Amino acid sequence: MKATSTLFTLTSPRLFLAGIAACLGASLSSPAAAESPEAVAAAEKRREEIPLGGDFKPNPQVPAFVVAGHGGRILVSKDEGKTWTQAFFGAPGADHGVWATRTMTYGSGVFVVAFGWGAPTSWLASEDGVRWRHLTAGTAKVPEAKGNPRIMAGTWGLAAGKGAFVGTGYMSTGATSDLGKTFSSFSLYSFKGDPRGKLNTHHIDPVYCGDASGRFLALGDNRGSDGPKFGHLFASDDLGKTWRWLTPKGLESSTGRGAIVSNGKLLVMTDADSANAWTSTDAGETWDGPHPTGAKRAVLSVVGGEFWLTGKPGRASADGTSWRDLPAAVPLGQIIASEKGTLISIHPQRTNILRSADGGKTWQEVHTYQPDAIQGGAQGLRDGAFGFLTAK
């Protein structure tokens, strides 16, 4: 469905805070209470119906936006975000169910979406945006799989770079550098003998630092409520095959984990409420900050090489140090930019897609959808990426 010339107005701060509270409350609920055994069985059956991959032949030519949400909902636009097609849907799902979807990435001519959190995880992939199948050829043998070739290590976040796809989540990671033909896995339990003490973290989110270093970083939950709160940053210098636990310098004043992104040269990380930012030019070894952002409870995105914090107010920075106001109309949510500068906005609390062709000054609703048999949690769009598809 497409709507034209509809200016988007931000939700009031009171409603926004209420939405955040509702989202947090939903995320703490058990999916088992929301989904019947029959629904879980049907969701698992749907997973098994999807063919295995490992046979991808990307020929990236067609610029495209791809976004994803719960249920394995995948939407694709090949005309600069003007019109959208639902290319795939798995099964209705909750925040922690079989088809819970939080993360996706693009690399090497292939879009990859992870689904399942709090339930077994799988990665779907497509080079043409039409045919979606498991990324793995069946070689991703991880302990969580229990013999099922379609199951990956639990995945909270995905990142891509130098031909590799890397996923991190709880205490194990997965990676492939040959488009799903083979996989490597790594257990963070190997750090149990580290002198810093017992490691116990989840919600681990990866980021690719850029081609200069070729490094992947993964940011985990805070260390705890007592003493230093920041304590879980991991690095891989072999495309996700092995990891080491970093002791980064310059984060002593951090009040805890927020978000971390890279524009290919510079890393920017925020604290929990986005009020401050830290920057790194050496792939996470040392950090400079804190730098006040002027934002609060904002979403961090990379837009045309800049760092955008969309909230109230919205702020932007080219260097992560000095921040300026964004246009007042920029909505809360993740911002995805095309190579031509078209902007797309999505948010887990919204079941629509917003588009701007003037740098964020004005926005139009270009797509909306009705969630299918909501099972729980925010049913909006969770992640998105811009890349190039094989012509179909």
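Refer to the structure printed above.
The rules behind these values
- Residues numbered from 1 in each chain as written.
- Predicted model: local features only at pLDDT ≥ 70, side-chain atom pairs only at ≥ 80, totals over all residues.
- Heavy atoms only, no water.
- Pairing = 2+ DSSP bridges.
- Helix = DSSP H or I, 4+ residues; strand = E, 2+ residues; numbered from the N terminus.
- Axes fitted to C-alpha atoms, helices over the stretch in contact; angles between N-to-C directions.
- Salt bridge = Lys/Arg side-chain N within 4 Å of Asp/Glu carboxyl O.
- Phe/Tyr/Trp six-rings, centres within 6.5 Å; stacked < 30°, edge-to-face > 60°.
- Buried < 20%, exposed > 50% of the residue type's maximum accessible area, 1.4 Å probe, protein only.
- Core = buried A, V, L, I, M, F, W, Y, C linked by side-chain atoms within 4.5 Å.
- Contact = heavy atoms within 4.5 Å.
- Polar contact = N/O pair within 3.5 Å; in protein donor to acceptor, adjacent residues only side chain to side chain.

On to the sheet that holds strand S4 (residues 101-107). A sheet is described by the order of its strands in space; here four strands give the open sequence S4-S5-S6-S7, paired in antiparallel fashion. The outermost strands of the open sheet, each flanked by one partner alone, are S4 and strand S7 (133-134).

Let us now look at the sheet that holds strand S18 (residues 276-280). If you walk across this open sheet you meet the four strands as S16-S17-S18-S19, and the pairing is antiparallel. Strands with a single pairing partner mark the edges of an open sheet, and in this sheet they are strand S16 (260-262) and strand S19 (288-292). Taking each pair of neighbouring strands and ignoring which way they run, the sheet shows an average axis angle of 25 degrees. For S18 and S19, the ladder comprises three bridges, and the chain directions are antiparallel. The partner of Ala277 across the bridge, within S19, is His291.

A word on the pattern of salt bridges. Scanning all chains against the criterion turns up 15 salt bridges. Between Arg215 and Asp237 there is a salt bridge, and its shortest N-O distance comes to 2.8 Å. Within this pair, whereas Arg215 is found in the loop between strand S12 (205-208) and strand S13 (216-219), its partner Asp237 is found in the loop between strand S14 (233-236) and strand S15 (244-245), the two being separated by 22 residues in sequence. The salt bridge involving Arg315 is made with Asp325; its shortest N-O contact spans 2.8 Å.

Attention now goes to the packing of aromatic side chains. This structure, assessed with the given rule, holds 13 aromatic pairs. Ring centres of Phe65 and Trp84 lie 6.2 Å apart, and the angle between their planes is 35 degrees; on these two criteria the pair is classed as tilted. Of the two residues, Phe65 is situated in strand S1 (residues 60-69) and Trp84 in the loop between strand S2 (73-77) and strand S3 (85-88); the sequence distance between them amounts to 19 residues. For the pair formed by Phe65 and Trp84, the shared burial category is buried.

Our next topic: the nonpolar core. Ile74, Trp99 and Trp132 are the most contacted members of the largest nonpolar core, which totals 20 residues. When contributions to this core are tallied by element, the ones reaching two or more residues are S1, S2, strand S5 (110-115) and strand S28 (381-390). With sequence-adjacent residues up to four places away left out, Trp132 is seen in contact with Ile50, Val66, Ile74, Ala87, Phe88, Phe111, Val113, Leu124, Ala125 and Ser126. Grouped together as the second largest cluster of nonpolar side chains are 16 residues, Ala164, Phe186, Ile204 and Phe216 included.

As for its position among the elements, Gln334 is in strand S24 (residues 334-337). Looking at Gln334, its side chain comes within polar contact range of the side chain of Asp383, at 3.1 Å. Here Gly384 takes part through its backbone oxygen, which lies 3.3 Å from a polar atom of the side chain of Gln334. The contact partners of Gln334, leaving out residues within four places of it in the chain, are Val299, Ser301, Ile344, Ser345, Ile346, Arg382, Asp383 and Gly384.

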